[in-house]
Structures are given as structure tokens and as C-alpha cells.
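Here is what each chain is made of, one letter per residue.
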Amino acid sequence: MISYLRYIKRAVVFFVLFVLLLTVQKLQVSAEEEDEGKDMQLYAQSAVLMDAGSGRILFEKNGRQVRPMASTTKIMTCILALEKGNPDDYVTVSAKAASMPKVKLSMLPGERYRLKDLLYSLMLESHNDSAVAIAKHIGGSVEGIADIMNEKAQELGCRDTYFVTPNGLDGTVTEESGKVKTHSTTACDLAGIMAYCITESPRREEFLTITRTESYSFPAYQEKDGVITENGRVFSCQNHNAFLHMMEGALSGKTGFTGNAGYCYVGSLRQGDRTFVAALLACGWPSHKEYKWSDTKKLMQYGLSHYEIHFPKEEGAVEELPQLPVKNGAGRWIGDICKAELTILSQEPADEKGVLMKEGEVFTVEKKLPDELTAPVMPGNVVGEIRYLLEGEEYLVEYIGTAEEIPAVTVRWCVSQVLQLYMV
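Residues numbered from 1 in each chain as written. Predicted model: local features only at pLDDT ≥ 70, side-chain atom pairs only at ≥ 80, totals over all residues. Heavy atoms only, no water.

### Structural notes on the state of the cysteines
When the sulfur atoms of two cysteines share a covalent bond, that bond is a disulfide.
Argument step 1. The final tally for this structure, using the stated rule, is zero disulfides.
Argument step 2. With no disulfide partner, Cys-188 has as its closest neighbouring cysteine sulfur the one in Cys-158, 9.7 Å distant.
Argument step 3. Owing to a relative accessible area of 9%, Cys-188 belongs among the buried residues under this scheme.
Argument step 4. Looking at the unpaired Cys-264, the closest cysteine sulfur is the one in Cys-283, lying at 8.4 Å. (Disulfide = S-S within 2.5 Å. Buried < 20%, exposed > 50% of the residue type's maximum accessible area, 1.4 Å probe, protein only.)

Below is the structure:
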């Protein structure tokens, strides 16, 4: 009997040790996963992983450091041409466009090309002469398109981006104040521009069609006696975005390189309800052309492994909105206490705007409302707000407004009430 008890005690001890070992291993794995993003080793000197749907930065390495961006510039040139131009327009080649350095289509001054065809040349082969021809057609000149590009960048919230050239070749301009500005961006801004191109732009589907096309052929045209005909020259473009074949859900992207910028890349991936954008600047120099692909895959895999879509109201639902008492409000009778019905005025309710979050991240909700209102009250008056905070940072604000009209008490109203009482 004693020997049996000894065996049972040993078995219990071994079982407890086994459970403790599993717990320690689980804690170690959790700690490693938590630190994986912090310790991610990348070749790029600046890198960002963004949630394309919300614009939230999921990972960054020197993400706000200003750097040249080479031909990743062309995503802005392309989306503006799509939004402001007619794809069937004929673009006339200027001497300046034809003089651009390689990589180039080798177009000739005076030739004509359809704008749609030049966009494939721009995005698949990254032709510098096509970029300048497009720039002149859309903006009147290189300087004109740069102004439009900078205006769009500001509209998108890209405060650290400045465009000088439409093709990404290095460039500077001197302002009237004497300040010199350089063609440059940040990884955060570049990711934001790509997110706009694939999720928000009214021409996003055309942008995706162009950047996902494997190959494309088109002719050059000439004008004679007012008639435009093909001139016999035909061109073929191949897509050089290797990332499209590297991961399931790879969506779009653009490469870039200059001696000053190094290898650059901005790309996107979509799986289910998750869409990621990765932006890399200064990701190696010759002979390290492949660094950008390994960095992009590493960033995308990190996003897929750690982030899922969530909605603010999943984490902190707001109770029903109260009715607010209205001081000096004209009710149904003298002495009636008026209360105003409230409603959410936001265009995009919190239960429809998702964001990518990782395990352990939570929303907190702050509601601000006055104790009472003062008549007169009109429908749609903003009286408060609901703030959804993600890890302490404001993610979404819903505005609370009045749903009905409540006039103020006046002498005339008081007289009418008295008369009604008298008639009764």
C-alpha cells in the first residue's frame, strides 16, 4: 500500500511539473510575439505597415523621417491622371518629355499616345518620359503637375511630402523666401497615398487594374491633316512588381530606385476584410535589389499574424442616449418639464468603421453631454460627443445632436396657455 502511495505522489509531482513547464513555454511564446514587432529586423532605413482601411500605423521604423522616394512617386502621378484626365485623350509628346533619361519608353517629340496607354507605361515599366508627357497633359507642365500633386498630398494629410518631379527623379526648388525644398516623402506619407489609391479614390478600380496587369501592348500615333492614325511603332510593357506573385492576396505596388533614394517600394495586400500597405524607403543599394521583397513579406506576415478587424462598439458600447431637460422650454402646458430627444449626427457610425487591432488592444469610450439645454432648441444642434480612444489615441468621434425642435417660452405662449385654461 505504501509503495502505491509513493507512485501516486510521484505521478502528481510529475504532472504539476509538466503543467508548470507548459505555462512557462506559453508565457515565453507570448512575450516573443509581443516583442516581435519591436525587434523586427529590416533592411530598409525607413519602413511602415499601415491598416489601409483606417490609416492606422501598425509598425514603423523611422516612419516619419523625410527621404527621397524615387519612382514610388508615380502612384500619385497615376491616380491624379485617372481622376483629372480622360483615358481616351491623346497626349502630345514634348521635347522635354522625350529628353528624359532611362528608364524610358523612347517616345519621339510630336508623337501622340493615348493617356490610358501611357499609364501602363508609367506603372508597369516606370518610364520617366511617359511621366513627363502625362504631367504636361494634366497639369500643363512639370511645375503645374507638381503643384497639383502637392495640393493632393496636403488634402490627404501628408504634411512631410513635397513633389518636384512627376517621375521621382531627384529635384529641388527654391521658394521666393530662399528656402530650398527637395522632392521627398516619409514612409508614413507614402503608405497613406497608396491607401488612398486603393481604398478611397473614385478611380481606385482603374488604378488596381493597371497596377495588376501582367503585360500590355499599345501603339504610337501621329497627326496628319487633322487625322490621328497609328505611326507603325508598337510598344510592349511587362509588370515588374514581383510581390504580386509572392503572397496570397498581393494587391498592388510600385518600385523605385535612384542612387540617392536607394531601392524603394510601396505595396498592398488584401486578405478577407484586412488590407495592409507596406512602404519602404532606402531599402538597400546595388547589389541588394531583393531586400525590398523580403522586407515587404516580413511586414505583411507580421500584420496577418497579429491583427484582426474590430469595431469600436465591440469594446465599449455606449448606453442609450438620455433625454436632456430644456430650461425655459415651451412644453404642452405651463409647468411642463421639457426634455429633448438626442440622436447621433455622425456620417459614419462607430459600428461601421473597423480598424485592425492585435490581441490586448482595447477601445475606451468617453461621452460628453451637458446636464441641461436652454431653449430654443433646433433639430441637429450639436450638444455633445462620444470619443472612441484606441490605446489612448482618438480613433473616432461621434457627435450627439438634438432630434426635435423645442421653442422657448414667450409672453405670447404664456397668454395662449392661460386662455386655454380659461376656456376649459
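Here the narrative resumes, following the displayed structure.
### Quick word on the sheet that holds strand E2 (residues 57-61)
Argument step 1. Spatial ordering of the open sheet is given by E2-E1-E11-E10-E9, a layout of five strands whose pairing is antiparallel. The sheet is open, and its two borders are formed by E2 and strand E9 (250-258), each paired with just one other strand. The sheet shows a mean angle of 5° between the axes of neighbouring strands, direction not considered.
Argument step 2. With eight bridges joining them, E9 and strand E10 (residues 262-271) adopt antiparallel strand pairing. Pairing of Ala-250 across the sheet is with Leu-269, part of E10.
Argument step 3. Running over the sheet, helix H7 (residues 187-200) touches strand E1 (46-51), E2, E9, E10 and strand E11 (274-281) and is turned about 140° from E11.
Argument step 4. Sitting on the sheet, helix H9 (residues 291-306) is in contact with E1, E2, E9, E10 and E11, with an inclination near 145° to E11. (Pairing = 2+ DSSP bridges. Helix = DSSP H or I, 4+ residues; strand = E, 2+ residues; numbered from the N terminus. Axes fitted to C-alpha atoms, helices over the stretch in contact; angles between N-to-C directions. Contact = heavy atoms within 4.5 Å.)

### Details of H9
Argument step 1. Helix length check: H9 (16 residues) gives 23 Å between terminal C-alpha atoms against 22 Å at 1.5 Å per residue, within 8%.
Argument step 2. Residues Lys-292, Trp-293, Asp-295, Thr-296, Leu-299, Met-300, Tyr-302, Gly-303, Leu-304 and His-306 constitute the buried set of H9. (Expected span 1.5 Å × (residues − 1).)

### Quick word on the packing of helix H5 (residues 128-139) against helix H6 (residues 142-155)
Argument step 1. In contact at an axis separation of 7 Å, H5 and H6 are set at 75° when each is read in the N-to-C sense. As the angle between them shows, H5 and H6 are arranged roughly perpendicular. For the pair H5 and H6, the contacting residues are Val-132, Ala-135, Ile-138 and Gly-139 in the first and Val-142, Gly-144, Ile-145 and Ile-148 in the second. (Parallel < 35°, antiparallel > 145°, perpendicular 65-115°, else oblique.)

Coordinates in, geometry out; function isn't part of it.
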